[in-house]
Amino acid sequence: MNAPFSPQVSRRSLLQRAAGLGVTVSFLGGSAFAAADGAMAKRKMVVVICRGGMDGLTVSPPVGDPDYAALRGEVAVAPDKALKLDGTFGLHPALESVHALALKGQARIAPAIASPDRARSHFEAQDVLETGAAQVYGVNTGWLNRTLEVMGPSRVEALSVGATAPLILRGKVQAASWSPGKGVDETARLPTLLQDLYKADPMMGRAFARGLETEAMAQQAMTALNPAPTPVSADAASMAPKAMWQNAVNTSTATPQGMAPPAMASGPQAIAAQRQGREAARQLGSTLAGFMTQPGGPRIAAISLDGWDTHAGQVGQLNTRLSYLDAVLDGLNTGLGAEWSNTVVVAATEFGRTARVNGTGGTDHGTGSTALVLGGGLKTGGIIGDWPTLKQEALFENRDVRPTLDMRGLFKGVLAEHMGVDRAALESKVFPDSADAKAVTGLV
């Protein structure tokens, strides 16, 4: 159930930051964990949803796979540019912070993961990813909400900033949603409203003030993040950047074409704006961490990052998007400090992209992709799941990375081992009809 926005709810929920980055942040409060004892009560989890179909073969390029370069053509990451993980895999060069964590055993990849959905539709695949159901539209609540439902009877306060609450958070656990009315200056109204709510709060006021420091940078980064597309027609030439608020709204309200970010501009101004955007993204992660480390603060957060649908001009788009993803994760890591050891972060997407490059320097909707798993308490190890290779006979339907790991199995493993969720409840309530998706073990 979604409740109207209220000051009481907001004081224990979220700050939505850097809307121009295509980001939506939602928090779930810590009261559902009140019954937990000891170390388990400190555990935190962050889910990052990369909406649009993130290309796993660019996130973690299998440069050691003999078929990789030929299939990927112009979008392939060069072996000498990839940040080495092992004899087969590297990370995209923009993921410097993630690579540094990987070298310390605090980041791992699941390079052939997918939800149960095979339709390659953004809307259907995002539904299955967020509901945790075995089939599209199988349930109408989110698996994170059902997780909190089974963890305890306490009322959990939540707030989603945007037109609607993200599906992953919808359900019986009460959540609030707020969005600005029509005809107002949304970019001015949000910080003004929240500043009034937090200014007298001794716990949250400082964290909110720190978050406001990113406002100017986020505004300046808008040109680089969502510039007008390169004109290809009279209609295209007249296109303007999306409003900041529109970029932050759940992409289920947008068309697939609308989710694709335009090609990045070049030149000194664009480079400076991209640098500012990365710093804004890092401070977003740091601000989120600040909320999560407050006494009684939220223990679960969900972040949506838009703009991963790369049908054309993929290289430039993903250079930027992955740089911002890396910055958000770096901000989380550094901002959490000692609490990083109590935190697991999972970054996942609704589906991957085709193994072969298309004719416009991009890739089309696929199946298997890469999930990133990070945290100070991870056990060291190699890849999560099996690698099917990119041999012709190994491709799914002669076009995609064949998934070897069900997304639900990864989330089950994190929830059971890290958050202490009852395994029977995971099977019956959180991820119904998922007996075939065995929980990944040995992560933490």
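Up top is the structure.
All values reported here derive from a predicted model rather than from experimental measurement. (Residues numbered from 1 in each chain as written. Predicted model: local features only at pLDDT ≥ 70, side-chain atom pairs only at ≥ 80, totals over all residues. Heavy atoms only, no water.)

**Describing the packing of helix H14 (residues 407-417) against helix H15 (residues 423-430)**
In a pair of packed helices, the angle between the axes and the distance between the axes together describe the arrangement.
Consideration 1: One way to put it is that H14 packs onto H15 with a least axis distance of 10 Å and a crossing angle of 140°. Here H14 is positioned oblique relative to H15, judged by the angle of their axes. The handedness of the crossing between H14 and H15 comes out as right-handed. The segment H14 lies against H15, with Lys412, Leu415, Ala416 and Glu417 engaging Arg423, Leu426, Glu427 and Val430. (Axes fitted to C-alpha atoms, helices over the stretch in contact; angles between N-to-C directions. Helix = DSSP H or I, 4+ residues; strand = E, 2+ residues; numbered from the N terminus. Parallel < 35°, antiparallel > 145°, perpendicular 65-115°, else oblique. Left-handed = near helix turned anticlockwise from the far one by under 90°. Contact = heavy atoms within 4.5 Å.)

**Description of the packing of aromatic side chains**
Consideration 1: As enumerated under the stated definition, the model contains 3 aromatic pairs in all.
Consideration 2: Centroid distance tryptophan 143 to phenylalanine 431: 5.3 Å. Interplanar angle 35°. Geometry classified as tilted. In this pair, tryptophan 143 is assigned in helix H6 (residues 143-151) and phenylalanine 431 in the segment after H15, connecting sequence segments 288 residues apart. Considered together, tryptophan 143 and phenylalanine 431 belong to a single accessibility category, that of buried residues. (Phe/Tyr/Trp six-rings, centres within 6.5 Å; stacked < 30°, edge-to-face > 60°. Buried < 20%, exposed > 50% of the residue type's maximum accessible area, 1.4 Å probe, protein only.)

**A short note on helix H4 (residues 96-103)**
Consideration 1: Within H4, the full set of buried residues consists of Ser97, Val98, His99, Leu101 and Ala102.
Consideration 2: Packing partners of the buried residues in H4 comprise strand S4 (83-84), strand S5 (90-91), strand S6 (107-114), helix H12 (268-292), helix H13 (314-336) and strand S11 (369-374).
Consideration 3: Trailing H4 by a residue or two, glycine 105 shows a phi angle of about 80°, which is positive.

**Some remarks on the packing of H6 against H15**
Consideration 1: At their nearest, the axes of H6 and H15 sit 10 Å apart, and the two run at 135° to each other. With respect to H15, the element H6 is oriented oblique. The handedness of the crossing between H6 and H15 is right-handed. Contact residues: H6 offers Trp143, Arg146, Thr147, Glu149 and Val150, while H15 offers Ala425, Lys429 and Val430.

**Looking at helix H5 (residues 122-131)**
Consideration 1: For H5, the buried fraction is high: 8 of the 10 residues fall into the buried class.
Consideration 2: Among the residues of H5, those classed as buried are His122, Ala125, Gln126, Asp127, Val128, Leu129, Glu130 and Thr131.
Consideration 3: Backbone geometry just after H5 places glycine 132 at a positive phi near 75°.

**A word on the pattern of salt bridges**
Consideration 1: Applying the stated criterion to the full structure yields 14 salt bridges.
Consideration 2: Its salt-bridge partner being arginine 120, residue glutamate 397 comes within 2.8 Å of it at the nearest N-O pair. One end of the pair, glutamate 397, is in the loop between S11 and strand S12 (405-406); the other, arginine 120, is in the loop between S6 and H5, with 277 residues separating them in the sequence.
Consideration 3: Looking at arginine 120, the relative accessible area reads 17%, which means it is buried.
Consideration 4: Between lysine 429 and glutamate 149 there is a salt bridge; the shortest N-O distance is 3.2 Å. Within this pair, whereas lysine 429 is found in helix H15, its partner glutamate 149 is found in helix H6, the two being separated by 280 residues in sequence.
Consideration 5: The class for lysine 429 is partly exposed, based on a relative accessible area of 31%.
Consideration 6: By relative accessible area, glutamate 149 is classed as partly exposed at 24%.
Consideration 7: A single network of salt bridges, built from pairs that share partners, joins Arg120, Glu397, Arg399 and Asp400. (Salt bridge = Lys/Arg side-chain N within 4 Å of Asp/Glu carboxyl O.)

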